[in-house]
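# An overview of the molecular structure
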Amino acid sequence: MALSLTVTAQLNSRREIKIPDIPGYLTLKCDLHMHTVFSDGLVWPTVRVDEAWREGLDVIAISDHIEYHPFQEDIQINFGRSYEIAKPRAEMYGLIIIQAAEITRQMPPGHFNCLFLDDVAAIDQPDFWDAIGEAQRQGAFIMWNHPGWRQEDEVPIWYDEHTRLYDQGLMHGMEVVNGRSYYSLALEWCVEKKITMIGTSDIHSPIGMDYDLSLNDQRPVTLVFATDRTEEAVKEALFDGRTAVYSDDMLIGSEEFLNPLFYHSIELVNGDQDFSSGGTFYIQVINRSEIPFHLISNGKPEGVEYPEEITLHAERTVMMPVKLSRNATNNTHGVILLYEVKNLLINKDTGLAVELVIQ
């Protein structure tokens, strides 16, 4: 019996996603788009909860399709039932679960997740605009799913229907990442139109069938910067646009949030070194997050030489050589190393500009 309990405890273990909180906010790890057997997914709702807890998530939304039910001969159509089944399990784990549904129409306008619903069945309307209008009436957060779906080379197209949705305040979020797909044009639209950036798994199979968990193959998640760990705070943050997308060692978001994430992940350790006379020094840079940061030089101050490119490996300390001339340290603010973090995207072709300051 003791051996059995030990094995069970080992299997029921949670991996923590090591991304820091930022000043004023908790960094909640969220997957806001997934499916169960109550639409076209291949697992029971409680499995989605178990998977999410073990992978280190804080918030999930099971968004089964309103219009598509391929298993209806075996699973009765019962809108909202997946949420009802999953909620007690989520509460046991301390996960936040959001009641949601996916409106599923041909492109245009495509598929839209509606989060924070009170009555999923009321969304089942023959007319798309009536369905979206009902979601709005319930105060839902409405997001455009996989905007490159069924487009050539998965390049999104903005149709007149999307203009109408946007102009009427019916498009609050957009998936910049869906599973393995990254939509750079969607990122541009989010920046230009101030649409909340979302990254999701859109998982249908058991998670281990699509992601190699033994290699920490992380599903895409939305980082939501919330004032506290409640559903209300998550909703407020989504409507306010306080998100970033974490996918494949890449962070996508606004400078407002990527900047503190970067600086709260790293620490420079100079040691007991005297820089005043110049010379070559070695600076330790600690990265406490699980995201490797790929840095490329972004211009160099006079009298300072340092690597053109360097990777601050995840959860490791890197030794960085810095060569200083004698007058390079005549600066009350210290020596500033200028870099762009190539895998922290604030727009399609723009990485986050950062400064590593040697005091």
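Scroll up a little and you will see the structure.
Now for a description of the structure that goes with this document. Here the structure is a predicted model, which is why all the values come from computation and not from measurement.

Among the structural elements, aspartate 58 can be located in the loop between α2 (45–54) and β2 (59–62). Aspartate 58 sits in the buried class, given a relative accessible area of 7%. Side chain to side chain, aspartate 58 and arginine 14 meet in a polar contact 3.4 Å long. Beyond its immediate sequence surroundings of up to four residues, aspartate 58 is in contact with Arg14, Thr27, Leu28, Lys29, Leu95, Ile96 and Arg229.

Below, the discussion takes up the layout of surface pockets. If a probe as big as a water molecule is rolled over the atoms, it shows which places are left empty. Estimated volume of the largest pocket: approximately 360 Å³. If you trace the largest pocket, you find 18 residues lining it, with Cys190, Lys194, Ile195, Gly241 and Ser254 closest to the centre. Of all the secondary structure elements, the ones that give two or more residues to the lining of the largest pocket are α6 (184–193), β8 (196–200), α8 (231–240) and α9 (255–263). The element contributing the most residues to the lining of the largest pocket is α9, with three residues. Along the lines of polarity and charge, the residues of the lining of the largest pocket split into seven nonpolar, six polar and five charged.

We now examine the pattern of salt bridges. Counted by the stated rule, this structure contains 22 salt bridges. Across the pair arginine 219 and glutamate 55 runs a salt bridge, and its minimum N-O distance is 2.5 Å. Taken together, the residues arginine 219 in the loop between α7 (207–210) and β9 (221–226) and glutamate 55 in the loop between α2 and β2 connect sequence positions 164 residues apart. The same class applies to arginine 219 and to glutamate 55, which are both buried. With a shortest N-O distance of 3.9 Å, arginine 180 and aspartate 248 are connected by a salt bridge. Within this pair, whereas arginine 180 is found in the loop between β6 (173–178) and β7 (181–182), its partner aspartate 248 is found in the loop between β10 (243–247) and β11 (250–253), the two being separated by 68 residues in sequence. Through salt bridges with shared partners, a single network forms among Arg14, Glu16, Asp58 and Arg229.

A separate point is the packing of aromatic side chains. Under the defined criterion, the tally for this structure stands at 14 aromatic pairs. A ring pair is formed by phenylalanine 38 and tryptophan 44, whose centres lie 5.4 Å apart and whose planes are at 50°; its orientation type is tilted. Looking at tryptophan 44, the relative accessible area reads 41%, which means it is partly exposed. In textbook terms, an aromatic cluster arises when at least three aromatic residues are bridged by ring pairs, as seen for Phe112, Phe128, Trp129, Trp144, Trp158, Tyr166 and Trp189.

Once that is clear, we can look at the nonpolar core. Side chains that are nonpolar tend, in soluble globular proteins, to be buried together. In this structure, Leu223, Phe262, Phe293, Val322, Leu337 and Tyr339 are the most contacted members of the largest nonpolar core, which totals 53 residues. Examining the composition of this core, we find that five residues originate from one element, strand β18 (residues 335–347), more than from any other. In contact with leucine 223, other than residues within four places in its own chain, are Ile19, Thr27, Leu28, Lys29, Arg242, Thr243, Ala244, Tyr246, Leu251 and Leu261. Membership of the second largest hydrophobic core comes to 33 residues, among which are Ala101, Leu165, Val176 and Leu345.

On to the packing of helix α4 (residues 128–137) against helix α5 (residues 160–167). Contact geometry for α4 and α5: axes closest at 13 Å, N-to-C directions at 25°. Classified by the angle between their axes, α4 and α5 sit roughly parallel to one another. Seen from above, α4 lies across α5 with right-handed handedness. Contact residues: α4 offers Phe128, Trp129 and Ile132, while α5 offers Glu161, Arg164 and Leu165. Residue composition of the contact of α4 with α5, grouped by class: four nonpolar, no polar and two charged.

What counts and how
Residues numbered from 1 in each chain as written. Predicted model: local features only at pLDDT ≥ 70, side-chain atom pairs only at ≥ 80, totals over all residues. Heavy atoms only, no water. Helix = DSSP H or I, 4+ residues; strand = E, 2+ residues; numbered from the N terminus. Buried < 20%, exposed > 50% of the residue type's maximum accessible area, 1.4 Å probe, protein only. Polar contact = N/O pair within 3.5 Å; in protein donor to acceptor, adjacent residues only side chain to side chain. Contact = heavy atoms within 4.5 Å. 1 Å grid on protein atoms, 1.4 Å probe; cavity = no way out; pocket = protein on both sides within 12 Å on 5 of 7 lines; lining within 4 Å. Points joined across faces, edges and corners; volume = space filled by probe spheres on them. Nonpolar A, V, L, I, M, F, W, Y, C, P; charged D, E, K, R; others polar. Salt bridge = Lys/Arg side-chain N within 4 Å of Asp/Glu carboxyl O. Phe/Tyr/Trp six-rings, centres within 6.5 Å; stacked < 30°, edge-to-face > 60°. Core = buried A, V, L, I, M, F, W, Y, C linked by side-chain atoms within 4.5 Å. Axes fitted to C-alpha atoms, helices over the stretch in contact; angles between N-to-C directions. Parallel < 35°, antiparallel > 145°, perpendicular 65-115°, else oblique. Left-handed = near helix turned anticlockwise from the far one by under 90°.

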